Amino acid sequence: MSKLGQVVESVEKYNQFVLDQVKRARTDQKFGRDLLGRWNDIKAKIPTTRAPTGLPLPRLALPEIDEPGEIARFLFGEGLPGEFPFLNGAYREMYLEPVREVESFEKNCESKNKKAEKKIPQAEEPTRLFSGLMLAEDTNERFHYLTRHQRTHRLSTAFDGPTLYGIDSDADGVFGKIGEGGVAIDTVEDMVRLYDGFDLGSANFSASMTISGPAPIIMAMYIAAAKRRFGASVVPKLRGTIQADIFKEVQAQNETIFPIEPSLRFLTDMVEFTTREMPRWYPISISGYHIGEAGSTPVQQAAYTLSNGFAYAEMFAARGIPVDQFGPRLSFFLDCGLDVEYIALARVSRRIWAIGMREVFAAGPRAQLYKLHTQTSGRSLIAAEFKNNLTRTAAELMLAYMNATNSCHSNSADEPFTTPSEEWIRLAAHGQAILLEESGIFKHTMNILSGSPGMKAVERAVEAAILDEFREIERLGGVLAAVEDRYQRSQIQNASHRYEQQINEGVRPIIGLNRYRDGSDDIPEVKLARTPRKKQQLQVDRLAKFKKKNAEKSKRALDKLAAVIESGKNCFPELLDAVEVCSLGQVTGRLQEVVGRFRPMV
């Protein structure tokens with residue numbers, strides 16, 4: 001039985017364990033009394049805070065139960081926020097505003113002897129906005145615009161097509177794609193420009209980079225850029241995430257540039273280095289978002305993402321990296337659409353991951369955490385009557401925060417047409433601020449919307465369906481064998497076809513498209529974001545200057561890199577040296593000479 005098969009077995013055994021604990025609590029009087037005493041102690045220690053209206057509220061919402069069996073079902077089956085199996089949240093408190101002590105308040109706050117409010121430091125906002133357009137300095141300007149009113153700077157970077165494929169801007173046939181749909185990054189000098197003005201080593205700064213095929217090269221460029229600005233001592237302080245998820249590329253997104261095995265080797269080299277040298281960095285974001293955007297069902301998205309995560313854990317452990325070192329540095333990325341499964345999809349994923357990591361990989365508490373970034377669904381955004389996308393995204397944000405996501409990106413309503421403009425990206429950011437800061441839905445009480453009968457029903461159905469997908473992948477020989485058999489890709493394609501068919505037949509209502517249309521097919525006037533030719537030429541000229549300046553050094557660096565790869569040693573330290581004098585395309589090209597190019601499977 002493979003590790004994935006063991007995960008299925010472990011989840012089933014844990015579910016039986018919970019049932020056994022429920023039965024024990026009802027038949028073993030001492031155990032039942034102990035549980036009830038623990039429950040009452042937990043409830044007694046929950047702080048009380050006040051809404052702006054003066055309404056007293058508990059800092060943590062718990063179900064109103066006093067029967068030992070139901071207490072056992074909650075504590076063992078769900079767990080308090082921040083406690084195994086983490087169904088209700090990876091951390092004890094999320095999104096909450098600073099504590100306001102309420103015991104000293106009298107009605108209408110009229111007491112003259114009222115104590116000063118005590119506060120805890122504010123946590124960083126979960127908002128993480130995605131940007132990338134034109135050249136590095138243009139995206140840098142957008143980053144400064146987006147973070148103008150934020151306490152913490154959490155940047156998420158989109159790269160243009162050539163960069164995503166490891167191609168230089170001066171390559172044949174790519175001129176018109178430079179800076180389109182993301183930022184053009186060819187050299188370490190571009191990387192310096194991209195994050196200019198931000199303190200990369202600050203505890204209040206983190207960078208996320210959405211790129212997988214050439215991720216180790218881009219990661220090396222980021223480290224090199226940070227060292228140029230802040231010195232070598234900044235490296236252990238760097239915070240952030242790079243996507244680097246090769247499995248989802250092969251399964252869904254197609255931005256794969258090396259064969260699968262060398263791609264996984266380069267990824268593992270990077271993970272080994274960053275785990276040892278960069279304790280605050282997440283070297284892989286295991287990504288279901290692109291699986292969802294390619295057309296999967298929500299259950300397929302969660303199942304493939306989780307199974308990919310377990311496959312990476314097995315691969316890193318086989319390299320000899322201790323699970324309690326790499327485990328806390330794994331993160332996840334899910335889509336959040338409007339299907340009912342999203343009421344509980346992330347909650348269930350968090351529980352399955354925790355059980356699997358503990359029982360199968362013997363991971364400690366920190367490595368059991370399923371730390372999640374959520375993005376509202378791009379696929380749900382519709383060009384027809386596109387202003388309705390504001391409502392769609394708001395509903396998706398609500399679902400994401402109900403699932404206790406650790407960070408979140410809200411899409412812009414104009415994305416069906418163009419790279420988001422400042423107006424619509426500001427509204428997207430404000431959507432999260434309204435939900436988290438203006439409304440009282442999440443900022444007073446943790447767990448406020450969790451645990452309804454409907455949510456529990458969805459949780460049970462989703463977990464069973466995910467385990468069924470695991471069983472099928474196990475039957476095919478595991479994740480890599482299923483990938484080579486095109487199983488995940490074929491299932492995604494089938495689901496995508498079914499989704500579009502449902503829209504065309506009206507079975508799946510899309511407001512403004514196949515229901516409640518106003519009868520107009522006029523395309524709205526939306527200003528399109530396009531990279532001017534003069535900027536594209538500027539990028540090419542900069543690249544030519546960089547290559548000319550480093551012509552001799554780059555040849556030697558590439559030769560040394562190739563030699564290390566052929567020796568079988570970890571190539572990432574050599575990659576760090578190479579990006580100082582080599583462009584992205586030069587490194588990619590030399591690596592492809594050594595290990596070959598990815599060829600899609602038929």
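Broken down by element type, the protein chain carries 22 helices and eleven strands. The principal-axis extents of the C-alpha atoms in the protein chain amount to approximately 80 × 60 × 55 Å. Relative to its 602 residues, the protein chain shows a buried fraction of 56%. Considering only residue pairs separated by 6 or more positions, the protein chain has 78% of its internal contacts joining residues 24 or more positions apart. Side chains of the protein chain give 78 positive and 78 negative charges; the mean places of these two sets differ by 4 Å.

Another point: helix α13 (residues 345-361). Helix length check: α13 (17 residues) gives 23 Å between terminal C-alpha atoms against 24 Å at 1.5 Å per residue, within 8%. A large share of α13 lies buried, amounting to 15 of its 17 residues. Following α13 by one or two positions, Ala362 adopts a phi angle in the positive range, close to 55 degrees.

As a further point, take the side chain of Gln539. Mapped onto the elements, Gln539 comes out in helix α19 (residues 533-549). By relative accessible area, Gln539 is classed as buried at 1%. Ignoring anything within four residues of it in the chain, the contact list for Gln539 reads Leu135, Ser169, Ile178, Ala184, Asp186 and Asp190.

Next up on the list: the packing of helix α8 (residues 246-253) against helix α11 (residues 298-319). Contact geometry of α8 with α11 gives a least axis separation of 10 Å together with a crossing angle of 145 degrees. In this structure, α8 meets α11 at a crossing whose hand is right-handed. Residues Ile246, Phe247, Lys248 and Gln251 of α8 form the contact with α11, whose participating residues are Tyr304, Asn308, Ala311 and Tyr312. For the contact of α8 with α11, the class distribution of residues is five nonpolar, two polar and one charged.

Topologically, Pro420 is positioned in the loop between β11 (407-409) and α15 (422-438). The exposure class assigned to Pro420 is buried, which follows from its relative accessible area of 15%. Residues Pro420 and Val174, spaced 246 residues apart in sequence, show a C-alpha to C-alpha distance of 22 Å. Setting aside residues up to four positions removed in sequence, Pro420 forms contacts with Arg142, Ser412, Asp414, Glu415 and Ile425.

All right, on to the packing of aromatic side chains then. For the structure shown, the criterion picks out 27 aromatic pairs. Considering the side-chain rings of Tyr222 and Trp281, the 5.3 Å spacing of their centres and the 40 degrees angle between planes classify their relative orientation as tilted. Of this pair, Tyr222 sits in helix α7 (residues 215-230) while Trp281 sits in strand β7 (residues 281-282), and the two are 59 residues apart along the sequence. The buried category is assigned to Tyr222, whose relative accessible area is 0%.

Right, let's talk about the pairing of strand β8 (residues 284-287) for a bit. Residues Ile284 and Ile286 of β8 are buried on one face, and the alternating residues Ser285 and Ser287, pointing to the opposite face, are buried as well. Judged from the four bridges that link them, β8 and strand β9 (residues 330-336) form a sheet pairing that is parallel. By the bridge assignment for β9, Ile286 is matched with Phe332.

What follows covers the side chain of Thr531. If you trace the backbone, Thr531 turns up in the loop between α18 (487-505) and α19. Taking relative accessible area as the criterion, Thr531 reaches 8% and is therefore assigned buried. One polar contact links the side chain of Thr531 to the main-chain carbonyl oxygen of Ile178, over a distance of 3.5 Å. Setting aside residues no more than four positions away along its own chain, Thr531 makes contact with Met134, Ile178, Gly179, Glu180 and Gln536.

A few words on α11. Here α11 is 22 residues long and its end C-alpha atoms lie 32 Å apart, about the 32 Å a rise of 1.5 Å per residue gives. Most of α11 is tucked away: 17 of the 22 residues are buried. Gly320 sits one or two residues past α11 and shows a positive phi near 105 degrees.

The next thing to look at is the confidence of the model for the protein chain. Mean pLDDT over the protein chain works out to 91, with 95% of the residues at or above the 70 mark. Least confident of the elements in the protein chain is strand β3 (residues 129-131), whose mean pLDDT is 73; most confident is α13, at 98. Ignoring residues within four places in sequence, the model shows residues 101-120, a span with pLDDT below 50, making 20 contacts including any to other chains.

Attention now moves to the nonpolar core. In terms of nonpolar packing, the biggest core is built from 154 residues, with Tyr195, Tyr222 and Phe470 touching the most fellow members. Tallying contributions element by element places α7 first for this core, with eleven residues. If we ignore the near neighbours within four places in the chain, the residues touching Tyr222 are Met191, Tyr195, Leu200, Phe205, Ala207, Met209, Leu238 and Trp281.

The subject of this paragraph is the sheet that holds strand β10 (residues 372-376). Across the sheet, four strands lie side by side as β8-β9-β10-β11; this open sheet has parallel pairing. In this open sheet, the two edge strands, each paired with only one partner strand, are β8 and β11. Put simply, the sheet's adjacent strands are angled 25 degrees from each other on average, direction ignored. Taken together, the five bridges between β9 and β10 define a ladder with parallel strand orientation. Paired with Cys336 across the strands is Thr376, a residue of β10.

What follows covers the pattern of salt bridges. Here the structure, examined in full by the defined rule, presents 35 salt bridges. A salt bridge links Arg26 to Glu67, with the shortest nitrogen-to-oxygen separation between them at 3.2 Å. Placement of the pair is Arg26 in helix α1 (residues 3-27) and Glu67 in the loop between β2 (56-58) and α3 (68-77), with a sequence separation of 41 residues. Judged by relative accessible area, which is 28%, Glu67 ranks as partly exposed. Ionic pairing is found between Asp559 and Lys555, a salt bridge with its closest N-O pair at 3.5 Å.

With that settled, consider the packing of helix α4 (residues 136-146) against α15. Closest axis-to-axis distance for the α4/α15 pair is 11 Å, and the angle between their directions is 40 degrees. If you check the angle between α4 and α15, you find them oblique. As for how α4 packs across α15, the hand of that crossing is right-handed. For the pair formed by α4 and α15, the contact residues are Arg142, Tyr145 and Leu146 on the first element and Glu422, Ile425 and Arg426 on the second.

Moving on to the pairing of strand β4 (residues 153-158). With five of six residues buried, β4 is to be regarded as a mostly interior element. Two elements, β4 and strand β5 (residues 205-210), share six bridges in a ladder whose sense is parallel. Along β5, the bridge assignment pairs Leu155 with Ala207.

Rules of the game
Residues numbered from 1 in each chain as written. Predicted model: local features only at pLDDT ≥ 70, side-chain atom pairs only at ≥ 80, totals over all residues. Heavy atoms only, no water. Helix = DSSP H or I, 4+ residues; strand = E, 2+ residues; numbered from the N terminus. Buried < 20%, exposed > 50% of the residue type's maximum accessible area, 1.4 Å probe, protein only. Contact = heavy atoms within 4.5 Å. Lys, Arg positive; Asp, Glu negative; His and termini not counted. Charge placed at Lys NZ, Arg CZ, Asp CG, Glu CD. Expected span 1.5 Å × (residues − 1). Axes fitted to C-alpha atoms, helices over the stretch in contact; angles between N-to-C directions. Left-handed = near helix turned anticlockwise from the far one by under 90°. Nonpolar A, V, L, I, M, F, W, Y, C, P; charged D, E, K, R; others polar. Phe/Tyr/Trp six-rings, centres within 6.5 Å; stacked < 30°, edge-to-face > 60°. Pairing = 2+ DSSP bridges. Polar contact = N/O pair within 3.5 Å; in protein donor to acceptor, adjacent residues only side chain to side chain. pLDDT = per-residue confidence, 0-100. Core = buried A, V, L, I, M, F, W, Y, C linked by side-chain atoms within 4.5 Å. Salt bridge = Lys/Arg side-chain N within 4 Å of Asp/Glu carboxyl O. Parallel < 35°, antiparallel > 145°, perpendicular 65-115°, else oblique.

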